[in-house]
Amino acid sequence: MKHREYLVGYACALPAIIGVIALMIVPICYVIYISMTRWTAISSPKWIGLEK
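Computed from a predicted structure; not experimentally measured.

Peer 1: Help me understand the packing of aromatic side chains in this model?
Peer 2: Aromatic rings considered in pairs are described by the distance between their centres and by the relative angle of their planes. Applying the stated rule across the entire model yields 2 aromatic pairs. Both rings, one in Tyr30 and one in Tyr33, keep their centres 6.4 Å apart while their planes meet at 35°; by these two values the pair is tilted. A residue pair is termed a helical-turn pair when its members lie 3 or 4 positions apart in one helix, as Tyr30 and Tyr33 do in helix α1 (residues 2-35) at 3 residues. Given a relative accessible area of 47%, Tyr30 falls into the partly exposed group. Residue Tyr33 is classed as partly exposed on the basis of its relative accessible area, which comes to 40%. When the ring of Tyr33 is compared with that of Trp47, the centres are 6.2 Å apart and the planes differ by 25°; the resulting orientation is stacked. Of this pair, Tyr33 sits in helix α1 while Trp47 sits in strand β2 (residues 46-47); the two residues are 14 residues apart in sequence, bridging distant segments of the chain. Following the ring pairs from residue to residue traces out a cluster consisting of Tyr30, Tyr33 and Trp47.

Cut-offs used in this document
Residues numbered from 1 in each chain as written. Predicted model: local features only at pLDDT ≥ 70, side-chain atom pairs only at ≥ 80, totals over all residues. Heavy atoms only, no water. Phe/Tyr/Trp six-rings, centres within 6.5 Å; stacked < 30°, edge-to-face > 60°. Helix = DSSP H or I, 4+ residues; strand = E, 2+ residues; numbered from the N terminus. Buried < 20%, exposed > 50% of the residue type's maximum accessible area, 1.4 Å probe, protein only.

None of this, on its own, says anything about what the molecule does.
Given below as structure tokens:
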């Protein structure tokens with residue numbers, strides 16, 4: 001019975017966890033990626049890493 005209660009709790013928390021991942025973590029990772037590329041609107045991104 002206790003195991004089932006844990007599953008219900010996780011099921012209730014899952015939408016919030018997915019929302020945090022989709023609305024916070026993914027954009028942060030994308031911004032880090034974009035900041036390490038040289039990219040104009042007409043060219044494809046070129047990886048430059050930590051160069052200037």
